Amino acid sequence: MTLLIDNIGELSTQDWGDGSDEAIAASVLRDAAVVLDGERIAWVGPSSSAPAADERYDAEGRAALPGWVDSHSHLVFAGDRTEEFEARMAGQAYAAGGIGVTTTATRAASDRELRSLLASRVAEAVAGGTTYLETKTGYGLDVANERRSAELAAEAVDEVTYLGAHLVPAGADPEEYTELVCGEMLEAVRPFVRWADVFCERGAFTEDQSRRVLRACRDAGLGLRVHGNQLGPGAGVRLAAEVGAASVDHVNFLDDADVDALAETWAGWGGSSSLDGAGTVATVLPACDLSTRAPLAPARRLLGAGVQLAIASNCNPGTSYTSSIAFCVTAAVLQMGLSVQEAVRAATFGGALALRRHVGRDDDGQRAVGSIAVGHRADLQLLDAPSATHLAYRPGMPLTHAVWRVGERLR
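Keep in mind the model is a prediction, meaning the values are calculated, not measured.

1. Regarding the overall build of the protein chain
In step 1: Scanning the protein chain from terminus to terminus reveals 16 helices and 16 strands.
In step 2: Computed over its C-alpha atoms, the radius of gyration of the protein chain comes to 20 Å, within 12% of the 22 Å expected for a compact globule of 411 residues.
In step 3: Overall size of the protein chain, expressed as C-alpha extent along the three principal axes, is 65 × 45 × 45 Å.
In step 4: Within the protein chain, contacts between residues separated by at least 24 positions form 74% of all contacts whose residues are at least 6 apart in sequence.
In step 5: As displayed, the protein chain has an accessible area near 15400 Å², and 49% of this comes from carbon and sulfur atoms.

And the structure:
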């Protein structure tokens, strides 16, 4: 069954080719159309040249863009941390220890409760235009509960990340717990996860402990991610570059050496249609920065240095309880100095790049996401607006009009 979506006022394909100014300009089409053929995009071009299809959807001049690719979230949890948020708004500094509150509540919840909570959070994300979603474990912090979190997540989202190294549980010896994360816990979650992450930060895991976790997970065949440089200057960014992590996330506190280390990882990249030489994506989390009143991640500086950028929600109960990528894009434009197209790219193609899903992978049945091009997965959204600029021009307005994910209309 083919579907023609035509009369699109502005189509932001985010297919930037070689990244030149000409290629970027060519990725925004006016009076455009897209044809979906089942799970794939079959045709993209001007409405006047659109081929016939089994069904037609009139976009009525609305803007279309890829579905959001949220490459950083923490959706498997129970409980509430409203009191912590209120204390932070009253001036208390954020520290990593609040994770333990969520761990207690998550361990106490039944599978049925966690599955229901997870499903409702995924539905909220989809309603806001998210069509590809990563989420992490990290609120179980023992073997049984980390495995349970990974298994439940694998039922509900596209990508699962092992984050046993989120926090050392209260009363545990840090070295013994690190060994558990590298050994028995890793073996337990391995069937359900594609990635591993570590919170390399004061109050969480040291540089040495983080390196051991990342190496063990790499040896187990997992891709790597890092929470780094969120609470202050630290080793996270340079460690991510050292081990070849696909992304380092937060990146609020960077010095010149950090930026240079990330930029160097992109020196051999073959471009937007290539996996060859892809470096460490810097993932910025604007909603988290605002919620914790932290210095905003230097997105403009990173782009200027040649670092590829992603924007993600970091949806979690403590520091960013939102799955609205539209809000994050708005914040990146209004507060971080990005253009609308740069922010949209970071929240679509950039997220896909951080998950290494920006190109097709026939070996595992995955189609490319994060951009609208022939052969890519049929993920896109329509805005109740004539252009993507309205995301920042009309902040906070519910602009998501329609969402297709894997060719199926979900909204």
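2. A short note on helix 13 (residues 325-336)
In step 1: Taken together, the buried positions of helix 13 are I325, C328, V329, T330, A331, A332, V333 and M336.
In step 2: Looking at the residues trailing helix 13, positive phi occurs at G337, about 85°.

3. Structural notes on the sheet that holds strand 13 (residues 309-311)
In step 1: Overall, parallel pairing links the 8 strands, which are arranged 6-7-8-9-10-11-12-13 in an open sheet. Both outer strands of the open sheet, strand 6 (68-70) and strand 13, are each paired with one neighbouring strand and no more. The sheet shows a mean angle of 25° between the axes of neighbouring strands, taken without regard to direction.
In step 2: The pairing of strand 6 with strand 7 (residues 130-136) spans 3 bridges and is parallel. Considered in strand 7, the bridge of V69 is made with Y132.
In step 3: Strand contacts of helix 8 (residues 207-219): strand 8 (159-165), strand 9 (195-200) and strand 10 (223-228), with the helix running at about 180° to strand 9, the strand carrying the most contacts.

4. Some points on the packing of aromatic side chains
In step 1: With the rule as written, the count across this model stands at 5 aromatic pairs.
In step 2: Relative to W404, the ring of Y57 lies with its centre 5.2 Å away and its plane at 85°, an arrangement referred to as edge-to-face. Placement of Y57 in strand 4 (residues 55-58) and of W404 in strand 15 (residues 400-405) is noted, with a sequence separation of 347 residues between them.
In step 3: Accessibility expressed as a relative area gives 17% for Y57, which makes it buried.
In step 4: A ring pair is formed by F77 and Y139, whose centres lie 6.1 Å apart and whose planes are at 75°; its orientation type is edge-to-face. Within this pair, whereas F77 is found in the loop between strand 6 and helix 2 (82-89), its partner Y139 is found in the loop between strand 7 and helix 5 (143-156), the two being separated by 62 residues in sequence.

5. Observations regarding the pairing of strand 1 (residues 2-12)
In step 1: Burial of strand 1 is extensive: 9 of the 11 residues sit out of reach of the surface.
In step 2: With 8 bridges connecting them, strand 1 and strand 2 (residues 28-37) associate as antiparallel partners. In the sheet register, L11 faces strand 2, and the bridge partner there is L29.
In step 3: Pairing of strand 1 with strand 4, which is carried by 4 bridges, proceeds in the parallel orientation. Bridge pairing in strand 4 links D6 to D58.

6. Things to note about the nonpolar core
In step 1: Grouped together as the largest cluster of nonpolar side chains are 91 residues, with contacts concentrated most on Y162, V251, L302 and I311.
In step 2: Looking at this core, the element that brings in the most residues is helix 13, giving 6 residues.
In step 3: The residues touching I311, leaving out its near neighbours within four places in the chain, are V69, V284, P286, I325, C328, A332, L338, A343, A346 and A347.
In step 4: Judged by nonpolar contacts, the second largest core, of 17 residues, contains I41, Y57, I372 and W404.

7. Details of the side chain of T137
In step 1: For T137, the position within the fold is in the loop between strand 7 and helix 5.
In step 2: For T137, a relative accessible area of 1% corresponds to the buried category.
In step 3: Excluding anything up to four places from it in sequence, T137 contacts E146, S149, A150, T161, Y162, L163 and G164.

Here is what the cut-offs are and how they apply
- Residues numbered from 1 in each chain as written.
- Predicted model: local features only at pLDDT ≥ 70, side-chain atom pairs only at ≥ 80, totals over all residues.
- Heavy atoms only, no water.
- Helix = DSSP H or I, 4+ residues; strand = E, 2+ residues; numbered from the N terminus.
- Rg over C-alpha atoms; globule rule 2.2 N^0.38 Å.
- Contact = heavy atoms within 4.5 Å.
- Areas by Shrake-Rupley, 256 points an atom, 1.4 Å probe, with all protein chains shown as cover.
- Buried < 20%, exposed > 50% of the residue type's maximum accessible area, 1.4 Å probe, protein only.
- Pairing = 2+ DSSP bridges.
- Axes fitted to C-alpha atoms, helices over the stretch in contact; angles between N-to-C directions.
- Phe/Tyr/Trp six-rings, centres within 6.5 Å; stacked < 30°, edge-to-face > 60°.
- Core = buried A, V, L, I, M, F, W, Y, C linked by side-chain atoms within 4.5 Å.

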